[in-house]
Amino acid sequence: MTAPKKKILLLPGDGIGTEVMGATRKVIDWFQSAGRTAFEITEDLVGGISYDKHGTPVTAAVIARAKEADAVLLACVGGPKWDTLPFKDRPERGLLAIRKEMGLFANLRPALVFDVLSGASTLKADVVKGFDLMIVRELLGGVYFGEPRGIETLPNGERRGINTQVYTSSEIRRVARVAFELARKRRKKVCSVEKANVMESGVLWRDEVTKLHATEFSDVDLVHMYADNCAMQLVRCPRQFDVIVTDNLFGDLLSDLASMLTGSLGMLPSASLGLKEASGRQAALFEPIHGSAPDIAGRGVANPLAMILSYAMMLRYSFNLAADADLLEKAVQNVLSAGLRTADIVEAGQTSVATAVMGDAVVKELAQLAA
Ligand code: IPM
Ligand code: MG
C-alpha cells in the first residue's frame, strides 16, 4: 500500500495574490509532473475575496481544510475595497484566524541580500553586502490578540481605544526555543528584542529568554536589545545579526524594515510554524512577506519570487525535500543572474518583465537544471 498523499492547500487571497500564486502554481506543477512531488493540491479563498463570496474573511470549512493540510501556501490579503468594514470582517482577520486556529506561534522571516541585487537596496551596497539574518516573530500573542481590546465611550463622551500587550512565560519560552534551535543551525547568535526599559511584558520577556538560555542554550551567543535600538542597528549594520527573536508587534515592524534592506519586499518568503507533535507533524503556513499591493494588482507586473521562494521553504521545512528546495532556490538565483527583473527590482539599463514571464523563466530554468 502506498502512503496517503501529502496535502497542500493554496490560498491566493487578494490583490496581486492571484497573479503571484498563478506563477507559483506553474512551479508547483513542474515539480508534480517531474515526479519530484506527489501532493494532493487544493485551492481556496481567504481575505476580501472570501468576504465577497461568503460574508466572512475565512469560512469554517477553509479553516478545517487548513488544519488538515500538511502545509498551507498563502499569498496575501486585503485591499482598499474592504478597508471600511468592521474589524471582524476585514481580510486581515481571515489571516489572523488561520494563524490562531492552526496554532502558528513562530513566524520565521529571513532577510538576506541576493548578491546580484545588492544595487537594488535603498541602502549603500557596502552596508547591505553579505547580510543574512532571520527574524523569529512571536505570532499568537502580544497586542495582536491581547484582551481587553476595543473602543469604548467614556462617561464624559470621550472615546478610548484599548489594546493589551500581554505575554505569559510559556509563550515567550516556546518562541525563544525556536530561535535558539535555529541559531544552532546558523551562526549561533541570538538577539532578543523588547522594550524592557518601559514595558513589564518586556521585562518578563528578557527574564524568560535569559533563563532558557542559561539552562539549555548556553552554547549560543545571546544579546538583548531594545526594539528602537534594533531598528537603528538594522539599517546601520545589518551584518551584526544572525537570529533576532521578538514579539508580535515589534516583529511585524522590524521584519518590514529588514526586508527592505534586501532591495525588495517582493523577494522574501516566510514560514509560520506550530509545535512539533510527537508524530513529527507540525502545522505550517508559508507566505511571502509582501502584502496585496492593491496599487499594482491586476496589471501582471508583481514580483512572484517571494511566493516561489515561500514554496521552496515549504519543500524544505514541511517535507524535508532539501534537494528540491535547493534546486528551486538555484533556479531563482540563475534567473536573476541572467538579468531578468520585475519592476520592483529593476535597475538602470534593465527592462522589467511581467509576473508570468518571471514565473515561466523559473520553470524553464528548473527543467534545465534538472536535465
Ligand atoms: C504581516 C502583516 C499582517 C500582520 C497583517 C496583514 C495582519 O502585516 O504578516 O506582517 O500585521 O501580521
Ligand atoms: Mg507586517
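Residues numbered from 1 in each chain as written. Chains lettered and ligands numbered in written order. Predicted model: local features only at pLDDT ≥ 70, side-chain atom pairs only at ≥ 80, totals over all residues. Heavy atoms only, no water.

Re the site of ligand 1
Part 1 of the argument: Lining the immediate environment of ligand 1, one finds E92, R99, R109, R137, Y144 and D252.
Part 2 of the argument: Within the side chain of R99, one N or O atom sits 2.7 Å away from an oxygen atom of ligand 1.
Part 3 of the argument: Measuring from an oxygen atom of ligand 1, one finds a side-chain N or O atom of R137 at 2.8 Å.
Part 4 of the argument: When ligand 1 sits alone it has 320 Å² of accessible area, and the protein chains cover 76% of it.
Part 5 of the argument: In the shell around ligand 1, the residues fall into 1 nonpolar, no polar and 5 charged.
Part 6 of the argument: Counting only domains with at least three residues in the shell around ligand 1, you end up with domain 1 (1-117 + 263-371) and domain 2 (132-261). (Near = heavy atom within 4 Å. Polar contact = N/O pair within 3.5 Å; in protein donor to acceptor, adjacent residues only side chain to side chain. Areas by Shrake-Rupley, 256 points an atom, 1.4 Å probe, with all protein chains shown as cover. Nonpolar A, V, L, I, M, F, W, Y, C, P; charged D, E, K, R; others polar. Domains from an automatic or database assignment.)

With respect to helix α8 (residues 227-236)
Part 1 of the argument: Here α8 has its buried residues at A227, C230, Q233 and L234. All buried residues of α8 lie within an arc of 110° about the axis, which places them on one face of the element.
Part 2 of the argument: Looking at the buried positions of α8, the neighbouring elements they touch are β5 (132-138), β8 (189-194), β9 (221-226), β10 (243-246) and α9 (248-261). (Buried < 20%, exposed > 50% of the residue type's maximum accessible area, 1.4 Å probe, protein only. Helix = DSSP H or I, 4+ residues; strand = E, 2+ residues; numbered from the N terminus. Arc of directions from axis to C-beta. Contact = heavy atoms within 4.5 Å.)

Description of the packing of aromatic side chains
Part 1 of the argument: Within the structure shown, the criterion is met by 5 aromatic pairs.
Part 2 of the argument: Relative to W205, the ring of Y167 lies with its centre 5.3 Å away and its plane at 75°, an arrangement referred to as edge-to-face. Taken together, the residues Y167 in the loop between β7 (159-162) and α6 (169-184) and W205 in helix α7 (residues 200-216) connect sequence positions 38 residues apart.
Part 3 of the argument: Judged by relative accessible area, Y167 falls into the buried class, the value being 7%.
Part 4 of the argument: One aromatic cluster is present, formed by W30, F31 and Y311 through successive ring pairs.
Part 5 of the argument: Across the ring face of Y144, the terminal group of R137 is positioned such that the distance to the ring centre comes to 5.2 Å. (Phe/Tyr/Trp six-rings, centres within 6.5 Å; stacked < 30°, edge-to-face > 60°. Lys NZ or Arg CZ within 6 Å of the ring centre and 35° of its normal.)

Some words on the packing of α8 against α9
Part 1 of the argument: The contact between α8 and α9 brings their axes to 10 Å, and the two run at 10°. The angle between the axes of α8 and α9 places the two elements in the roughly parallel class. Mapping the contact onto sequence places A227, C230, A231, L234 and V235 in α8 and F250, L254, L257, A258 and L261 in α9.
Part 2 of the argument: Looking at the contact of α8 with α9, its residues break down into 10 nonpolar, no polar and no charged. (Axes fitted to C-alpha atoms, helices over the stretch in contact; angles between N-to-C directions. Parallel < 35°, antiparallel > 145°, perpendicular 65-115°, else oblique.)

What about the environment of L96?
Part 1 of the argument: Assignment of secondary structure puts L96 in helix α4 (residues 91-102).
Part 2 of the argument: Take L96: its relative accessible area is 11%, and that puts it in the buried class.
Part 3 of the argument: Separated by 72 residues in sequence, L96 and T24 have C-alpha atoms that sit 23 Å apart.
Part 4 of the argument: With residues near it in sequence (within four places) discarded, L96 still touches Y144 and F145.

Brief notes about α6
Part 1 of the argument: For α6, with 16 residues, the first-to-last C-alpha span of 22 Å sits near the 22 Å given by 1.5 Å per residue.
Part 2 of the argument: Listing the buried residues of α6 in full gives E171, I172, V175, A176, V178, A179, F180, L182 and A183. (Expected span 1.5 Å × (residues − 1).)

Side note on the pairing of strand β4 (residues 106-112)
Part 1 of the argument: In terms of residue burial, β4 counts as a mostly covered element, since 6 of its 7 residues are buried.
Part 2 of the argument: Of the pairings in the sheet, the one linking β4 to β5 comprises 7 bridges and is antiparallel in character. Counted as the bridge partner of R109 is I135 from β5.
Part 3 of the argument: Pairing between β4 and strand β11 (residues 269-276): 3 bridges, direction antiparallel. Pairing of L108 across the sheet is with A271, part of β11. (Pairing = 2+ DSSP bridges.)

Regarding the side chain of T59
Part 1 of the argument: In this fold, T59 is placed in the loop between α2 (48-54) and α3 (60-68).
Part 2 of the argument: Given the relative accessible area of 16%, T59 is considered buried.
Part 3 of the argument: What T59 contacts, discounting residues up to four positions off in sequence, is S50 and H54.

Some words on the nonpolar core
Part 1 of the argument: Judged by nonpolar contacts, the single largest core of 74 residues is most densely connected at L108, V136, Y311, L328 and V362.
Part 2 of the argument: Those residues within four positions of V362 in sequence are excluded, and the remaining contacts are V27, L305, I308, L328, A331, V332 and V335.
Part 3 of the argument: Counting residues in hydrophobic clusters, the runner-up holds 20 residues, among them V193, C230, L234 and F241. (Core = buried A, V, L, I, M, F, W, Y, C linked by side-chain atoms within 4.5 Å.)

A few points about the domain arrangement of the chain
Part 1 of the argument: Entries for the chain in the domain assignment read domain 1 (1-117 + 263-371) and domain 2 (132-261).
Part 2 of the argument: Its C-alpha centre places domain 1 at a distance of 25 Å from the equivalent point of domain 2.
Part 3 of the argument: On the side of domain 2, 23 residues touch domain 1, which itself brings 21 residues to the contact.
Part 4 of the argument: Taken together, the connections running from domain 1 to domain 2 amount to 0 salt bridges.
Part 5 of the argument: Taken together, the links from domain 1 to domain 2 amount to 5 residue pairs in polar contact (both at pLDDT 80 or more).
Part 6 of the argument: Listed by contribution, the elements that provide at least two residues to the side of domain 1 that touches domain 2 are α4 and β4.
Part 7 of the argument: Here the residues of the side of domain 1 that touches domain 2 sort into 12 nonpolar, 5 polar and 4 charged. (Salt bridge = Lys/Arg side-chain N within 4 Å of Asp/Glu carboxyl O.)

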